[in-house]
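# Examining the three-dimensional arrangement
Okay, here's what each chain looks like letter by letter:
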Amino acid sequence: MAERSPLLNYRLFAAPGPAGSGRSSASPPKLSTFLGVVVPTLLSMFSVVLFLRIGFVVGQAGLYQTILMFIVAYLIISMTVLSVCAISTNGALDAGGAYYMISRALGPEFGGSLGVMFFFANVCGSALYVLGLVESIVDTFGLPPGQTTSSGIQVLPHSYWYEILYGTVILIICLLVCLVGADIYAKATFIIFIIVIVVISTIFISFFVVSPKSINITVTSGNNTEFREGLFTGFNLSTLKSNLPSKYVADYTTGVMMGFAAVFAVMFNGCTGIMAGSNMSGDLKNPSYSIPRGTITAVIFTYIVYNILSLMISCTCDRFLLQNNYGFLEDINVWHPFVIIGIYSSTLSAAMSNLIGASRILYALAKDNIFGKLLVPAKKTSASGNPWAAVLISWVFVQLVLFTGKLNTIAGIVTIFFLLVYAAVDLACLALEWASAPNFRPTFRYFTWHTCVLGIIGCAIMMFLISPIYASCSIAFMLILLLVLHYVSPSSSWGYISQALIFHQVRKYLLMLDVRKDHVKFWRPQVLLMVANPRTSTQLICFANDLKKSGLYVLGHVQTGDLDEMPSDPLQAQYDSWLSLVDALNVKSFVSLTLSDSVRHGVQHLLFISGLGGMRPNTLILGFYDDSVPEDDLQQIPAFSESSHSIYSDQGSSLLPHFPPARHRSSAKALSGREYVGIISDSIKMLKNVCLARYFNQLNKADLFSRKNYEVSIDVWPLNPLRPDSASYVDTCSLFLLQMACILNMVRSWRKARLRIFLCVESGNSAGEHEKKLKQLLGQLRIKGSIKTLHWDSVAALHWHKQVPDHSNNEGNFVNNFPSNAMKISNDYLIAVNRMILEQDTHPAIRFLYLPRPPADLALHERYLEQLEILTRDLGPTLLIHGISAVTSFDI
């Protein structure tokens, strides 16, 4: 049989595109590190902050605090850059950038919710830059308010709808570039990059070649307008000294008093373009190579430019000019239009970058089927692989955002969304690092979990510093999306980091769970339920789930056979069926399957090996061994019915064949009665408590508790029915019986049931004294239940023998307490006991009966089974229990 390995097939052959995608066999052109990462990242990080807000930051905060702000801001984004580099070098990257990284690390819920937010962040970012460009064009070429005739270059009409028209035209230009494909986009951005670099060069040159000059500034205070002058002094030491400390004043455009936090938030907007290159991951020749090198190069270059520019501005421009004229770089440039060209070019590039980034994220979401059929149209691609449908959908969303017409309305939320995504990338890298997964081996090693934590904290602080309201709303929106996707997103094969983290923590705590420190006060049932065929055991599986009381619960199954005679392990194909059964029944259970030469040996294997460390089964539950014909009730579960349209319906038809049909009356049983009793004996020898469950196919809990004016009861019979002469209610087995009934009564769905304990006494004995002692015992054990005293003289008279009480005999001692002459108990006595149980005034939901220890003599095993069958005949759901664990405590 051929073996398949994704490691062997990995990228050795080109995978064909999806059907109907329109992708040709020829690979589309791919982008280099410089064109695909460095250029988009540089243009996104420069944008308008470089040209319009760098003087504002220096003028308000001074050079010292400006440098401090850049150090803090770049420290925050550098932590995220390190995380991006680590994830991007840990394997192949596909389209989607940050979304792809987050979803493959944190799973579809986190990835999908943050992917949606990153998509909208890019959409709003594109609209933001388009509106900013329109605002700049109108300021330069628009008609002054109240003027209808053009004068000079001011020729453009100025109104809300005209601004929407200008924005739409600019957006259509961006759309056309993005529709052609990533190659033409890269060429367009490269041309813009050349223009921006030339403009920046002229700005630096201007500081040296332009002579000192005065710049006229109009200052408005209330209704008063004052004309003052700002000074460009050239390189001057006194100018530098005056610009070193901070001097916060009101922003002349808004009138709002500035402070460190407000200025820092404005400056930080220029540092949030670090994902522009990562968004192009699907269009890069080698994403794992290009993203880390290109992003780090862009970040270092922008940091150097910002700091040098801040220093030069501090040396040459007085504070009044910086605080009252955001466009001063245009006034001191060797040729004034250069700065305007730089603003237009960088803003147009940022708008295109966000539009194409949004389309790539949408395409990745659609390709991953995160939202099912909702995003199917976004999967369509051109012959060269360009997702044109996603570009068009993104363009529609950007156009809708443009109708808000309010630049400041969307500026804050855009930055918040970007920061939230950056924090998620840091979280993804942190989770991968903490999980210690062997396959997390990024070639980029300049990061630790400390850098990830610093990145998360830094992004969170910045979010709430910029806008606490927007930050809170965005986090709430992300959590809502996460919850929705948790329930509606299909399962994926990406691998969930949550599973790796859970494994890491579980292993650590299992090692800390020391069995030598076990105490009876904290005992709980840890159940191994043996299931011959799930088709006939669904009610018992659900009942055992209630009985476990937050303990370990294992579904065990033995398949007889010899692995030497088989081509492969037959159990491997069945695990998915069993796990789907667990999901469908909504039980908290593990599954343990084994192959053995006999059922008895298989049960021994499971008792030996099930569990781990301090979590091992201490209680074995078996179905009852009788001649009744099993009923197939698996089809009653909606997830496994043929007509089901649940989330499991696609799997149901393929899972059912792995469960064999229910046994027919004429079919042979999988084990003999003697082997069945041997399993009980083996379990007791291995210090396991044993429960035998009969008639649980008749248990319908939903119907039971939905009846009106019907009292549900749980009946407990703690007397050994085969040894009525040893009437003790305080031996280990009886106390275990009471404990299990109490545990069931503590389960939320069983709390409405009333616990009834039956006390069987003979008239010669003081019934009141026995009842008083039992009531005192229940009080000490904190068990709430009513005691019902029965005089069973007529039943006890049928017992074969009046045995002298043997006080040395105790169920807690592991000597045989079932002598062979106990087999001489007449059937009449057992029938009488059965009738006495049946004649009680109500039909209880469950009956708990004392299970005697099996005889040591193998020849008596058949008689032992016969007695149990007579005793429990027609009793309804009954649990025969033999306990050997001390499970009750009188201490606090």
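Quick note: structure is the one above.
Summary of the structure given here. (Residues numbered from 1 in each chain as written. Predicted model: local features only at pLDDT ≥ 70, side-chain atom pairs only at ≥ 80, totals over all residues. Heavy atoms only, no water.)

What follows concerns the overall build of the protein. Scanning the protein from terminus to terminus reveals 28 helices and 12 strands. Across the 892 residues of the protein, 52% fall into the buried class. Within the structure as shown, the protein displays about 41,300 Å² of accessible surface, and the carbon and sulfur contribution to it stands at 60%. (Helix = DSSP H or I, 4+ residues; strand = E, 2+ residues; numbered from the N terminus. Buried < 20%, exposed > 50% of the residue type's maximum accessible area, 1.4 Å probe, protein only. Areas by Shrake-Rupley, 256 points an atom, 1.4 Å probe, with all protein chains shown as cover.)

Right, let's get into a nonpolar patch on the surface. Judged by side-chain polarity, Ile205, Phe208, Val209, Phe235, Val334, Trp335 and Ile341 come together as a nonpolar surface patch covering roughly 690 Å² of accessible area. In terms of residue count, the dominant contributor to the nonpolar patch is helix H6 (residues 182–209) (three residues). You can see Val334 is positioned in the loop between helix H11 (328–331) and helix H12 (337–367). For Val334, a relative accessible area of 45% gives the class partly exposed. (Patch = residues over 30% accessible without salt bridge, like charges linked within 9 Å, V, L, I, M, F, W, Y side chains within 5 Å. Salt bridge = Lys/Arg side-chain N within 4 Å of Asp/Glu carboxyl O.)

Before going further, it helps to examine the pattern of salt bridges. Applying the stated rule across the entire model yields 10 salt bridges. We note a salt bridge from Glu711 to Arg754, for which the minimum N-O separation is 2.7 Å. Taken together, the positions of Glu711 in the loop between helix H23 (701–706) and strand S8 (713–717) and Arg754 in strand S9 (residues 754–761) put the pair 43 residues apart, joining distant regions of the chain. The exposure class assigned to Glu711 is partly exposed, which follows from its relative accessible area of 43%.

Attention now goes to the side chain of Thr239. Within the fold, Thr239 resides in helix H7 (residues 237–243). Discounting chain neighbours no more than four positions away, the residues touching Thr239 are Thr233, Ser314, Cys315, Thr316, Cys317 and Asp318. (Contact = heavy atoms within 4.5 Å.)

Time to look at a negative patch on the surface. Residues Asp562, Asp564, Glu565 and Asp597 make up a contiguous surface patch of negative charge. Within the secondary structure, Glu565 is located in the loop between strand S4 (553–560) and helix H19 (575–585). (Lys, Arg positive; Asp, Glu negative; His and termini not counted. Charge placed at Lys NZ, Arg CZ, Asp CG, Glu CD.)

Turning next to the nonpolar core. With 154 residues, the main nonpolar core has Phe51, Phe207 and Ile313 as its most contacted residues. The element best represented in this core is helix H2 (residues 33–88), accounting for 27 residues. Here Ile313 is in contact with Ile54, Gly55, Val58, Phe207, Asn243, Leu322 and Phe328, once residues within four sequence places are set aside. In this structure, Val582, Val591, Val747 and Ala845 belong to the second largest nonpolar core, which totals 60 residues. (Core = buried A, V, L, I, M, F, W, Y, C linked by side-chain atoms within 4.5 Å.)

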